[in-house]
Each structure stands twice: as C-alpha cells, then as structure tokens.
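# Reading the structure
Chain residues, written in single-letter form:
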Amino acid sequence: MSVVGHSLTVVEADAEYTKPYTTNVLVLGPGQTTNVLLTADQQVGQYLMSATVFSPTPNPNVVPFPGTPTTAILRYEGAKTLLSSPSELALPNFPAFNDSLFASRFTTSLKGLSTYSSGFTLPQKVDKEMLFTIGYALRPCSTCNLSTSPDPHFRLQASVNNVSFLEPTSTSLLEAYYYNVSGAYDDDFPSNPLYPYNYTGVGPSNFFPVKATKVKVLEFGESVQIVFQDTSTFFFEGHPIHLHGTNFFVVGEGFGTFDAAKDTPKFNLVDPPSRNTVGVPSGGWAAIRFRAVNPGMWFMHCHFDIHTSWGMSMAFLVKNGQGVNETLPPPPPNLPKC
C-alpha cells in the first residue's frame, strides 16, 4: 500500500507499538494490521492511495490475482474536486508483484518498542524448540478430475509437519479438553516434521500427509520457539501464520532452509516486533518466541482461508498453572452450542 508523494511512518503492528519506521510502501500480510502516520506536507491537491497484490509465487498463472491496483483519493482541503476518473492521477511506484526481497527488507526493518507483550517478557532462552514445515500436499480422489491439481485424480491439501488438520465434528477442541471427552483429538502433534527432506531443494518431497486432529501440549509458563519452514512441494509460497491466544516475538527470518547453527546467532533478541501473524517468506523461514501463559486450546493456522480448509493448521493445548489466575475458567452457562 502506498500514497503518492507521501511517506508512511509505521508506529504499530498487530496492536503492538513499534519503533517508528518510515517507508514509501507498506507491506501487509492477510490478517495483519498496521497503524501509520502520514504528514500532509505536499502541495494542495489530490493524491492516489493505492494497494496492489504481493504474490511471491514466480508464475502468476499458478495463483491468479487481480492485476489492477485498488485506489482511493487523498484530497487536501481546497483542492479541486472535478475528476472524470481517478486515472487522471498518477499511481504510486510499486515494487514487482513477486519482489520477496523488498517484502523481507520491510518486515525485518520493524523493531518492537518493548520486549513485554501478552503477559510475558521476550524469552532469551527456550524450553521447547520446534520446527514446523508448511506446504502443499495431495489426497487421493478417485471421482475427481481437477485441472488445478498436479494429478487430476488427487485433491490439493496442505499440512504442518506432514499432518493435515482434520477439523473435529462432534465437539469443539476446547470443550473436549475441559470436559475430558475422549476421542476428539490426539495430543501427539510432532515438534518436528514426520518425514525430513530437503525442504527448499529439488525433490524428493513428501506429497501425502497424515490426516488427523492433533494438538501440541504446552506446560503453563513454558518458553517456546517455533521455526516455520516453507517447503518446495509443488511450488514455494509465502504463508501468513496466525496464532490465537497470544502475541509472539518475530526474532528472525531468512531464505532457504533454516540452519540452526548459522541462523540462531543472528536472531534479534533485543527489539523484535511483537505480532499475532507472521509472514513466512516464500522459500524461506521465520522464527518466533513466546511464553505459554494463557491456558486453553489455541488454534494456529495459515491466514489464507483456503489453506486452512486444506489442513494447514493445528492447535496448542496450554495446561493450567497455579491458582485461579492461571487456570482455564469454566464455560459460561449461556454458551451457545456448536
């Protein structure tokens, strides 16, 4: 998003203050929010505000998107109002639709104003380290004849750590946990991929995930680090990963396959931004840290709705701590039924 002739100063991301960062182009992922300051210091007139698609997929035919930017008009008081069309005004200069380096420079330029968020301080050390691969997968479908799938007799799916999330049908995950309902989910979601491979290389890839309702159990107060790794299964894609129930600190990102020995020392543990949705770079990785201080069942998913429907999601079960303030409260008596 950009405004012709004006700079935008970012001061907030996902409801958390950032150190001021001035830019001409704002990058937003699905589900992300940002507050910016704009100073009306140009000549009296009308200027286009415009947004266009960032799609890191190299081939726009694979994931089609509108090629025409959406526009609105920033009009200074005293400017003439007669315009036959917004096309009379110049559009902003945008980077290429698939310029992942520009997007990465923007996201890594955001710095947090505080290392305290969501009831915890940025963990300098972690109790649990996890690697979550995210990407596409296939499911056999004998009655299908789909031109959008690599094989017409398979349906596209998506997965996290080779597990494609199967939504519960009889009860919600939170109710199943609170009332100790058996059979609603398994508590063995893997901390690392079930089938390791060269995630950003050329084959072999894992096309067929396990389809299951699995959650990851966290003890109250545990410090957690998750590295989200995009994979080359079919093609690379940037994924906006959203976690319910808590914000987290985005401590690092990069391209290629995450290398713990090389990349961990580069983490920003001084002033990383606090967010609730992280944009995982296409063909790359992003690392987050948080503390599990909000008891309950918390959904994590890709903010592309179709990817969530395909199974790119899971849930964290944060167990109770000590005392009433660290314990999941009972449901209200008027809670609507699913």
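Overview of the structure. Throughout, a residue's number is its position along its own chain's written sequence, starting from 1. This being a predicted model, a pLDDT of at least 70 is required before a residue's local features are given, and a value of 80 or more before pairs of side-chain atoms are given or counted; all residues contribute to the totals for chains, interfaces and linings. Side-chain measures here rest on the full set of heavy atoms in the structure, leaving out hydrogens and waters.

With that out of the way, let us pick up the overall build of the chain. Tallying secondary structure elements over the chain gives 4 helices and 21 strands in all. Taken over the C-alpha atoms alone, the chain extends approximately 70 × 55 × 50 Å along its principal axes. Burial status across the chain gives 46% buried among its 338 residues. The criterion used for residue contact is that any of the two residues' heavy atoms lie within 4.5 Å. Of the contacts made within the chain by residues no fewer than 6 positions apart, 78% connect residues no fewer than 24 positions apart. The protein chains shown are the only cover counted for residues, whose accessible areas, like all others here, come from Shrake-Rupley with a 1.4 Å probe. Counting only carbon and sulfur atoms, one obtains 55% of the accessible surface of the chain, whose full area is about 17100 Å². In this tally, Asp and Glu contribute negative charge and Lys and Arg positive charge; neither His nor the terminal groups of the chain are included. For charged residues, the charge sits on one atom: NZ in Lys, CZ in Arg, CG in Asp, CD in Glu. Computing the positive centroid from 19 side-chain charges and the negative centroid from 25, the chain places the two 2 Å apart. Every helix listed is a DSSP run of H or I at least four residues long, and every strand listed is a run of E at least two residues long, numbered separately from the N terminus. For every residue, the accessible area (1.4 Å probe, protein chains only) is compared with the maximum for its type, and the residue is labelled buried under 20%, exposed over 50%, or partly exposed between those bounds.

Side-chain rings of Phe, Tyr and Trp, where Trp is taken by its six-membered ring, are said to pair if the distance between their centres is within 6.5 Å; with planes under 30 degrees apart they count as stacked, over 60 as edge-to-face, and otherwise as tilted. Taken as a whole and judged by the stated rule, the model has 15 aromatic pairs. With centroids separated by 6.3 Å and ring planes inclined at 15°, the aromatic side chains of Phe 132 and Phe 316 adopt a geometry described as stacked. Here the residue Phe 132 occupies a position in strand β9 (residues 128–140), and Phe 316 occupies one in strand β21 (residues 313–318), the gap between them amounting to 184 residues. Since its relative accessible area comes to 0%, Phe 132 is described here as buried. Between Tyr 197 and Tyr 199, the aromatic rings sit 5.0 Å apart at their centres with planes inclined by 70°, giving edge-to-face as the arrangement.

Before going further, it helps to examine a nonpolar patch on the surface. Each patch is assembled from residues with relative accessible area greater than 30% and no salt bridge, linking like charges that lie within 9 Å and nonpolar side chains (Val, Leu, Ile, Met, Phe, Trp, Tyr) that lie within 5 Å. Salt bridges are identified by distance alone: a Lys or Arg side-chain nitrogen within 4 Å of an Asp or Glu carboxyl oxygen. Residues Tyr 178, Tyr 179 and Val 181 make up a contiguous nonpolar surface patch of roughly 290 Å² in combined accessible area. Note that Val 181 resides in the loop between α2 (173–178) and β12 (210–212). Judged by relative accessible area, Val 181 falls into the partly exposed class, the value being 38%.

Taken residue by residue, a regular strand's side chains alternate between the two faces of the sheet. In terms of burial, strand β10 (residues 154–160) is largely enclosed, as 5 of its 7 residues are buried. A pair of strands is labelled paired if DSSP reports no fewer than 2 bridges between them. Relative to β10, β9 runs antiparallel, the two being bridged by 7 bridges. When the sheet's bridge partners are listed, Ile 134 is paired in β10 with Val 160.

This part is about the side chain of Gln 229. With respect to the element layout, Gln 229 can be found in strand β14 (residues 223–230). The exposure class assigned to Gln 229 is buried, which follows from its relative accessible area of 0%. Among the polar contacts listed, one links the side chain of Gln 229 to the backbone nitrogen of Phe 258, at a separation of 2.8 Å. Leave out the neighbours within four places in its chain, and Gln 229 touches Leu 131, Phe 132, Thr 133, Ile 134, Tyr 199, Thr 200, Gly 256, Thr 257, Phe 258, Gly 284 and Trp 285. Pairing of N or O atoms within 3.5 Å defines a polar contact, subject to two protein rules: one partner must be a possible hydrogen donor and the other a possible acceptor, and residues neighboring in sequence count only if both atoms are side-chain atoms.

It is worth spelling out unusual backbone geometry at this point. A positive phi is found at Ser 118, a non-glycine position, where the angle reads about 55°. Position of Ser 118 among the secondary structure elements: in the loop between β7 (116–117) and β8 (120–121). Backbone geometry places Asn 161, a non-glycine residue, at a positive phi of 55°. Looking at the secondary structure, you find Asn 161 in the loop between β10 and β11 (163–165). By relative accessible area, Asn 161 is classed as buried at 0%.

So, about the pattern of salt bridges. Within the structure shown, the criterion is met by 5 salt bridges. Its salt-bridge partner being Asp 14, residue Arg 275 comes within 3.2 Å of it at the nearest N-O pair. You can see Arg 275 sitting in strand β17 (residues 274–275) and its partner Asp 14 sitting in the loop between β2 (8–13) and β3 (16–23), a full 261 residues away along the chain. Here Arg 275 falls in the buried class, since its relative accessible area comes to 6%. The shortest N-O distance in the salt bridge between Lys 319 and Glu 219 comes to 3.1 Å. Of this pair, Lys 319 sits in the segment after β21 while Glu 219 sits in the loop between β13 (215–218) and β14, placing them 100 residues apart in sequence. Residue Lys 319 is classed as partly exposed on the basis of its relative accessible area, which comes to 32%. Exposure remark for Glu 219: the relative accessible area of 39% places this residue in the partly exposed category.

Looking now at the sheet that holds strand β20 (residues 296–302). Overall, mixed pairing links the 5 strands, which are arranged β13-β21-β20-β15-β18 in an open sheet. The strands lining the two open edges of the sheet, one partner per strand, are β13 and β18 (277–280). Within the sheet, the average angular offset between the axes of one strand and its neighbour, ignoring direction, is 20°. As judged from the 4 bridges shared by strand β15 (residues 239–243) and β18, these two strands associate in the antiparallel manner. Only C-alpha atoms enter the line fits that serve as axes; for helices the fit covers just the stretch in contact. Angles between N-to-C directions range over 0 to 180 degrees.

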